[in-house]
Amino acid sequence: MVIPVYNEEAGLDALVERVTAAAQAIFGNRYELILVNDGSKDSSWAGICAHAERDPRIVAINLSRNHGHQLALTAGLNHVRGELIFVLDADLQDPPELLGPMLEQVRAGYDVVYGQRIKRHGETAFKRGTASLFYRMLASLVDTHIPRDTGDFRLMTRRVVDQLNAMPERYRFIRGLVSYIGFNQTAFPYERDPRFAGETNYPLRKMMALAVDAITSFSVAPLRFASHLGMLFGLAGLTSLVGIVWVWMRGGTVEGWASLAALILIMGSVQLLVLGVFGEYLGRMYMEAKQRPLAIVAEIRRHPVAANAEPEIAVPDIAVVAATDPEPREDIRVAG
Ligand code: UDP
Ligand code: MG
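The sections below set out a description of the structure shown in this document. (Residues numbered from 1 in each chain as written. Chains lettered and ligands numbered in written order. Predicted model: local features only at pLDDT ≥ 70, side-chain atom pairs only at ≥ 80, totals over all residues. Heavy atoms only, no water.)

As for a nonpolar patch on the surface
Formally: Patch membership requires more than 30% relative accessible area and the absence of a salt bridge. Residues of like charge join within 9 Å; the nonpolar side chains Val, Leu, Ile, Met, Phe, Trp and Tyr join within 5 Å. All accessible-area figures derive from a Shrake-Rupley calculation using a 1.4 Å probe, and residue coverage is judged against the displayed protein chains alone. Take a side-chain nitrogen of Lys or Arg and a carboxyl oxygen of Asp or Glu: if they are within 4 Å of each other, that pair is a salt bridge. Comment: elements are numbered from the N terminus, with helices defined as DSSP H or I runs of at least four residues and strands as E runs of at least two.
A surface patch of nonpolar side chains, about 930 Å² in accessible area, is lined by L238, L241, I244, V245, W246, V247, W248, M249 and V254. Of note, I244 is situated in helix α9 (residues 221-249).

Right under this line is the structure:
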């Protein structure tokens with residue numbers, strides 16, 4: 001299990017308690033819970049360490065600073081072992097108790113069982129509205145089918161996580177990458193609970209950034225937008241030219257300054273807009289080309305018992321095809 005944690009001190013104990021109860025009921029001691037501290041500013045890391053000291057099944061990973069949700073999750077996925085990987089948020093919005101029913105689906109032959117929200121409790125109408133608008137826009141731009149109203153709450157088999165770990169890109173929209181990977185995937189409808197404690201770490205700014213990441217990682221349609229705009233404006237220009245010639249043939253002239261000024265402003269802004277879209281892609285190419293590590297891990301803490309002996313990790317009775325040994329990726333750098 002992998003859970004990214006950022007400033008979640010208020011709900012951490014409840015989280016560990018519920019997740020542990022849910023996993024223990026199914027796997028006994030044969031599982032591990034990875035808590036990735038994403039540079040929290042509160043006492044989350046101390047809390048995670050305390051849990052890891054008490055429970056050999058808990059692994060505490062500390063990132064060197066705040067890397068953001070998707071990269072924190074990536075770091076966790078890179079370290080998790082076992083044949084089945086369960087991902088959830090730290091705020092208990094995704095009920096850990098659904099592990100059992102989701103596991104049923106995996107046993108039925110699915111590689112990815114993703115939670116799909118049919119109801120969101122305790123989220124503002126604004127958040128629900130923007131989220132729904134975003135998923136609709138994404139669907140219209142992107143060829144990969146990325147299911148609506150899903151988050152990163154999902155149960156995946158090892159072969160899916162291995163594929164995910166093999167993807168080098170740093171602008172990671174993990175739910176999209178998982179859709180891209182394929183195999184057998186199914187939705188698991190659930191009602192999203194309100195946050196147990198604390199506040200959302202996804203303000204509008206981060207949501208916008210995630211939306212732009214999602215669109216640019218899966219589509220080049222916005223680049224085509226430039227040629228479409230060009231054709232549209234060319235057509236508008238031709239039409240007005242015909243109008244001007246018509247007026248001129250009847251001996252008149254078209255009055256000028258205001259319309260010219262408006263045209264110059266419109267043309268200028270359209271060109272800058274298109275340049276901006278180009279820049280968005282170019283900047284991403286530049287950042288990817290640097291090949292910097294995706295995330296930097298400062299420290300990994302395991303219980304002494306778990307650190308000495310490789311813990312047995314649950315291999316439930318499912319057919320896992322072509323599961324390879326996870327090679328640790330090179331771009332998650334472990335310091336020290
Ligand atoms: N998170 C993180 N790094 C960040 C922001 C968030 O690891 O920079 C974690 C956070 O602790 C939680 C998950 O990502 O486990 C989802 O965040 P949140 O609940 O704030 O988002 P929301 O559910 O409101 O979209
Ligand atoms: Mg949340």
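Details of the coordination of the magnesium ion (ligand 2)
To keep things clear, this is the line we draw: As a rule, N, O and S atoms within 2.8 Å of a metal are its donors, except that Na, K and Ca use 3.2 Å; water is not among the atoms, so sites may look incomplete. Exposure categories follow from relative accessible area, calculated using a 1.4 Å probe and restricted to protein chains: below 20% of the type maximum is buried, above 50% is exposed, and the middle band is partly exposed.
Those donors, D91 (OD) and Q93 (OE1), are the protein atoms that reach the magnesium ion (ligand 2), and they lie 1.8 to 1.9 Å from it. An identical accessibility class is assigned to D91 and Q93; each is buried.

Quick notes on the layout of surface pockets
The line we're drawing: Definitions used for this entry: grid spacing 1 Å over protein atoms alone; cavity, a set of points where a 1.4 Å probe fits but cannot get out; pocket, an open set with protein on both sides within 12 Å along at least 5 of 7 lines; lining residue, one with an atom within 4 Å of a point. Grid points are joined across faces, edges and corners, and a volume is the space filled by probe spheres set on the points.
Taken as a whole, the second largest pocket spans an internal volume of roughly 200 Å³. Lining of the second largest pocket is provided by E169, Y171, D213, T216, S217, F218, S219, V220, Y281, R284 and E288. Secondary structure elements with two or more residues in the lining of the second largest pocket: α8 (204-218) and α10 (257-290). When residues of the lining of the second largest pocket are assigned to their parent elements, the largest contribution, four residues, is made by α8.

Notes on the pairing of strand β6 (residues 150-157)
Formally: Strands are labelled as partners when DSSP assigns at least two bridges between them.
Within β6, eight of the eight residues are buried, which leaves it mostly tucked inside the rest of the structure. Relative to β6, strand β4 (residues 84-87) runs antiparallel, the two sharing four bridges. Paired with I85 across the bridge in β6 is M156.

Some points on the nonpolar core
The cut-off we apply is this: Residue types Ala, Val, Leu, Ile, Met, Phe, Trp, Tyr and Cys, when buried and joined through side-chain atoms within 4.5 Å, form a set referred to as a nonpolar core. Only heavy atoms enter the contact rule, under which two residues are in contact if any of them lie within 4.5 Å.
By size, the foremost hydrophobic cluster in this structure holds 40 residues, and its most contacted members are L77, L138, M156 and F173. In contact with L138, other than residues within four places in its own chain, are I146, F173, A214 and I215. Judged by nonpolar contacts, the second largest core, of 33 residues, contains I3, L33, L88 and Y190.

Remarks on the pattern of salt bridges
Applying the stated rule across the entire model yields 14 salt bridges. Across the salt bridge formed by R192 and D89, the nearest N and O atoms sit 3.1 Å from each other. Of this pair, R192 sits in strand β7 (residues 185-192) while D89 sits in the loop between β4 and α4 (99-107), placing them 103 residues apart in sequence. In this structure, R192 and D89 share a single accessibility class: buried. Among the ionic pairs, D94 bridges to R192, the shortest N-O distance being 3.2 Å. Here D94 is found in the loop between β4 and α4, whereas its partner R192 is found in strand β7, with 98 residues between them in sequence. Judged by relative accessible area, which is 1%, D94 ranks as buried.

Focus: the packing of helix α5 (residues 125-141) against α8
If you want to describe how two helices pack, look at the angle between their axes and the distance between the axes. Rule in force here: Angles run from 0 to 180 degrees between N-to-C directions of axes, and those axes are lines fitted to C-alpha atoms, restricted for helices to the stretch in contact. Roughly parallel refers to an angle under 35 degrees, roughly antiparallel to one over 145, roughly perpendicular to one between 65 and 115, and oblique to any angle outside these ranges. The residue classification treats Ala, Val, Leu, Ile, Met, Phe, Trp, Tyr, Cys and Pro as nonpolar and Asp, Glu, Lys and Arg as charged. All others, Gly included, are polar.
Between α5 and α8, the least distance of the axes is 10 Å, while the angle of their chain directions is 10°. On the basis of the axis angle, α5 is roughly parallel to α8. Side by side, α5 and α8 meet where F126, K127, T130, F134, M137, L138 and L141 of the first sit next to L204, M207, A211, A214 and I215 of the second. Grouping the amino acids of the contact of α5 with α8 by side-chain chemistry returns 10 nonpolar, one polar and one charged.

Some points on the pairing of strand β8 (residues 295-301)
For strand β3 (residues 58-63) and β8, the ladder comprises four bridges, and the chain directions are antiparallel. Along β8, the bridge assignment pairs I61 with I300. Of the pairings in the sheet, the one linking β8 to strand β9 (residues 332-334) comprises three bridges and is parallel in character. Of the residues in β9, the one forming a bridge with V297 is V334.

Considerations on helix α1 (residues 12-27)
Residues that lie three or four places apart on an α-helix share one face, since the helix turns once every 3.6 residues. We apply this condition: A helix is expected to reach a length of 1.5 Å times the quantity of its residues less one.
Compared with an ideal rise of 1.5 Å per residue, which puts 16 residues at 22 Å, α1 spans 21 Å between its outermost C-alpha atoms and is within 8% of the ideal. Within α1, burial applies to L12, L15, V16, V19, T20, A22, A23 and F27. Those residues of α1 that are buried are in contact with β1 (2-5), β2 (33-37), α2 (44-54), β3, β4 and α4. The positive-phi residue at the C-terminal boundary of α1 is G28, with phi of around 65°.

With respect to the packing of aromatic side chains
Each aromatic ring pair is characterised by the separation of its centres together with the angle its planes make. Selection rule: Pairing of aromatic rings covers Phe, Tyr and Trp, the last counted by its six-membered ring, and requires centre-to-centre distances within 6.5 Å; plane angles under 30 degrees mean stacked, over 60 mean edge-to-face, and any other angle means tilted.
The full count for this structure, using the stated rule, is five aromatic pairs. Ring geometry for F134 and Y135: centres 5.1 Å apart, planes at 55°, overall tilted. For the pair shown, F134 and Y135 are each scored as buried. With a centroid separation of 6.5 Å and an interplanar angle of 70°, the aromatic rings of F173 and F218 are classed as edge-to-face.

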